[in-house]
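Listed here are the chains, written in short residue letters.
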Amino acid sequence: MKILVINAGSSSIKYQLLDMENEKVLAKGLVERIGEPEYSSLTHKANGKSSTIYRPLQDHAQGLEFVLSTLVDNELGVIKSLDEIGAVGHRVLHGAEKYNKAVLIDDDVMNDLKDNIVLGPLHMPANILGIEACKKVMLGKKNVAVFDTAFHATMPDYAYMYAVPYSWYENYGVRKYGFHGTSHEYIANELAKVLGKDIKDLKIISCHIGNGASICAVKNGQCVDTSMGFTPLEGLVMGTRSGDIDPAVIEFVMDKTKMNINETVTALNKKSGLLGLSEHYSDHRDIMKYSNEGDKKSMLARKKFVYVIKKYIGSYIAAMNGVDAIAFSAGIGENSSEMREEVLQDMNFMGIDFDIEANKNFVRGENFKISKDTSKVAVYIIPTNEELSIARQTKNVIENH
Ligand code: AMP
């Protein structure tokens, strides 16, 4: 079976076509600047070749038609007919409490997704546009929603509840949902596979450290806690997001700066984190470069970034009464030896004995062990693969329907 994976943003469509017989990627690409017809384009990678084609695209349906015609194109295509596509898997931000696993999309699911817009106002409308485009352009094709929140549905109530008036939860659904679930699920399963153990026998900490970053505690195959919360703003220091702060800061700063609530929350999402502390750089590579050159604010951003990751790892070890293995993943987690070294140093009292040389000489793009053989806790770099995870879950839904 071939599965098309779609990740729709407000003006973009990221796609991958996978052959599930061997889980190989046949083609992948990105449609950009939908709704800006003068500039819209498609970048398509297949058969070792990358091509960028400009074409006016008014909406997501036109963008998707462009993708589909490219997939069957004589020159750039990888399939003869769209009939070869067994189903479409959609990355969907929010499943709220109702969806704890991937689901075949029907009218009821569509209505639920629309209800969830309030919980994910930046992403859900775009995710819905992507699904509607597929329904319009690929008549009769099965669509599956794979939720970023679903893996976290197993958290116990004392982990997902905030200690605020209970009616906020009952009336408005205020609670921790967690995000990056598809990634954490993939990383935890991959780690169990690499260790040659049943995931049901393991305590795992999965660190997805990219521009957006979250950590997840996985006990016996189930998520028991995660650092992102009601929105992706909670938890770790991120590229431009603050992570955890005292909520009382909001009123105080609004009073001092005369910013309104939207401006203040936007500052926490877009002007904080590495960017806020360094005052210049949201990209981790810049933070490393300028902190190495002695820029004081970049040095502070680098230290704070690492410190919070360390604290979350420590707290999840306490929450699970131990840990067997830790994984680092995503843009920074997979690439930055310095970040991993700074997080893992001085953790030997917890049984984490990491291998400085292996950590420096890791092989990019591969599952790679960075702890010593004698370490009680195994530490690995596990490159995440959210598209493959979405494709696997989509196949599973289709086969079991
Ligand atoms: P992601 O959101 O997973 O795409 O990750 C983006 C982040 O990964 C950015 O902060 C990049 O600076 C960081 N990143 C990407 N490549 C590297 C690298 N080679 N070394 C350090 N950080 C990197």
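Residues numbered from 1 in each chain as written. Predicted model: local features only at pLDDT ≥ 70, side-chain atom pairs only at ≥ 80, totals over all residues. Heavy atoms only, no water.

What follows covers the packing of aromatic side chains. If you walk through the whole model with that rule in mind, you get 6 aromatic pairs. The interplanar angle of 40° and the centroid separation of 6.2 Å between the aromatic rings of Tyr-177 and Phe-230 together place this pair among those described as tilted. Taken together, the positions of Tyr-177 in the loop between helix H5 (166–172) and helix H6 (181–195) and Phe-230 in the loop between strand E11 (222–226) and helix H7 (248–257) put the pair 53 residues apart, joining distant regions of the chain. Taking the centre distance of 4.4 Å and the plane angle of 5° together, the rings of Tyr-281 and Tyr-290 count as stacked. A relative accessible area of 18% means that Tyr-281 is categorised as buried. An aromatic cluster of three or more residues is present, and its members are Tyr-160, Tyr-166 and Tyr-169. Lying across the ring of Tyr-39, Arg-33 places its NZ or CZ 4.6 Å from the centre. In this arrangement the basic side chain of Arg-175 is found over the ring face of Tyr-160, its NZ or CZ atom lying 3.7 Å from the centre. (Phe/Tyr/Trp six-rings, centres within 6.5 Å; stacked < 30°, edge-to-face > 60°. Helix = DSSP H or I, 4+ residues; strand = E, 2+ residues; numbered from the N terminus. Buried < 20%, exposed > 50% of the residue type's maximum accessible area, 1.4 Å probe, protein only. Lys NZ or Arg CZ within 6 Å of the ring centre and 35° of its normal.)

The next thing to look at is the pattern of salt bridges. Counted under the stated rule, the structure contains 19 salt bridges. In this structure, Arg-91 and Glu-386 form a salt bridge, with 3.2 Å as the shortest nitrogen-oxygen distance. One end of the pair, Arg-91, is in strand E6 (residues 85–92); the other, Glu-386, is in helix H15 (residues 386–399), with 295 residues separating them in the sequence. Glu-386 sits in the buried class, given a relative accessible area of 14%. Within the structure, one salt-bridge network assembled from shared partners comprises Arg-91, Asp-148 and Glu-386. (Salt bridge = Lys/Arg side-chain N within 4 Å of Asp/Glu carboxyl O.)

Pairing is mixed in the open sheet, where 8 strands are placed in the order E5-E4-E3-E2-E1-E6-E8-E7. Edge positions in the sheet fall to strand E5 (49–54) and strand E7 (103–104), since each of these pairs with one other strand and no more. Here 5 bridges tie E6 to strand E8 (residues 143–147), and the two strands are oriented parallel to one another. Across the sheet, the residue bridging to Val-88 is Asn-143, located in E8. (Pairing = 2+ DSSP bridges.)

With that settled, the discussion passes to the pairing of E8. Counted residue by residue, E8 has 5 buried out of 5 residues, so it is predominantly covered. On E8, burial covers both faces: Asn-143, Ala-145 and Phe-147 on one face and Val-144 and Val-146 on the other are all buried. Both E7 and E8 contribute to a ladder of 2 bridges, which runs antiparallel. Looking across to E8, one finds that Leu-104 is bridged to Val-144.

What follows covers the sheet that holds strand E12 (residues 325–329). Reading across the sheet, the 6 strands line up as E11-E10-E9-E12-E14-E13 and stay open at both edges, with mixed pairing between neighbours. Among the strands making up the open sheet, the edge pair consists of E11 and strand E13 (368–369). Across the face of the sheet, helix H13 (residues 337–344) comes into contact with strand E9 (203–209), E12 and strand E14 (378–381) while running at roughly 150° to E12. (Contact = heavy atoms within 4.5 Å. Axes fitted to C-alpha atoms, helices over the stretch in contact; angles between N-to-C directions.)

Next up on the list: the side chain of Ser-41. Along the chain, Ser-41 turns up in strand E4 (residues 41–46). Residue Ser-41 is classed as buried on the basis of its relative accessible area of 6%. Apart from the residues within four sequence positions on either side, Ser-41 is in contact with Leu-30, Val-31, Glu-32, Thr-52, Ile-53, Tyr-54 and Arg-55.

In the vicinity of the ligand, the contacting residues are Gly-210, Asn-211, Asp-283, His-284, Arg-285, Ala-330, Gly-331, Ile-332, Asn-335, Ser-336 and Arg-364. The contact in question runs from an oxygen atom of the ligand to an N or O atom on the side chain of Asp-283, over 2.3 Å. Within the contact set of the ligand, an oxygen atom lies 3.4 Å away from a backbone nitrogen or oxygen of Ile-332. Considering the ligand on its own, with 500 Å² of exposed area, one finds that the protein chains cover 69% of that surface. Of all the secondary-structure elements, those providing two or more residues to the shell around the ligand are helix H10 (284–292) and helix H12 (330–335). Of all the elements, H12 adds the most residues to the shell around the ligand, at 4 residues. Looking at side-chain class alone, the shell around the ligand contains 2 nonpolar, 6 polar and 3 charged residues. (Near = heavy atom within 4 Å. Polar contact = N/O pair within 3.5 Å; in protein donor to acceptor, adjacent residues only side chain to side chain. Areas by Shrake-Rupley, 256 points an atom, 1.4 Å probe, with all protein chains shown as cover. Nonpolar A, V, L, I, M, F, W, Y, C, P; charged D, E, K, R; others polar.)

Our focus in this paragraph is the nonpolar core. As a rule of thumb, nonpolar side chains are buried together in soluble globular proteins. Grouped together as the largest cluster of nonpolar side chains are 55 residues, with contacts concentrated most on Ile-205, Ile-209, Ile-215, Ile-313 and Ile-326. For this core, the element with the highest residue contribution is helix H11 (residues 296–320), accounting for 10 residues. Ile-326 has contacts with Leu-191, Ile-205, Cys-207, Ile-313, Ile-352, Val-377, Ala-378, Val-379 and Tyr-380, leaving out every residue within four places of it along the chain. (Core = buried A, V, L, I, M, F, W, Y, C linked by side-chain atoms within 4.5 Å.)

On the surface, Val-164, Trp-168 and Tyr-172 cluster together into a nonpolar patch covering about 320 Å² of accessible area. Relative to the elements of secondary structure, Val-164 occurs in the loop between helix H4 (157–160) and H5. (Patch = residues over 30% accessible without salt bridge, like charges linked within 9 Å, V, L, I, M, F, W, Y side chains within 5 Å.)

Within the secondary structure, Lys-193 is located in helix H6. Remark: the alpha-carbon pair of Lys-193 and Glu-23, spanning 170 residues in sequence, is separated by 16 Å.

This part takes up the packing of H6 against H15. At their nearest, the axes of H6 and H15 sit 9 Å apart, and the two run at 90° to each other. Judged by the angle between their axes, H6 and H15 are roughly perpendicular. Contacts from Thr-182, Ser-183, Glu-185, Tyr-186 and Lys-193 in H6 reach Glu-386, Leu-388, Ser-389, Ile-390, Arg-392 and Gln-393 in H15. Its residues assigned to classes, the contact of H6 with H15 comprises 3 nonpolar, 4 polar and 4 charged. (Parallel < 35°, antiparallel > 145°, perpendicular 65-115°, else oblique.)

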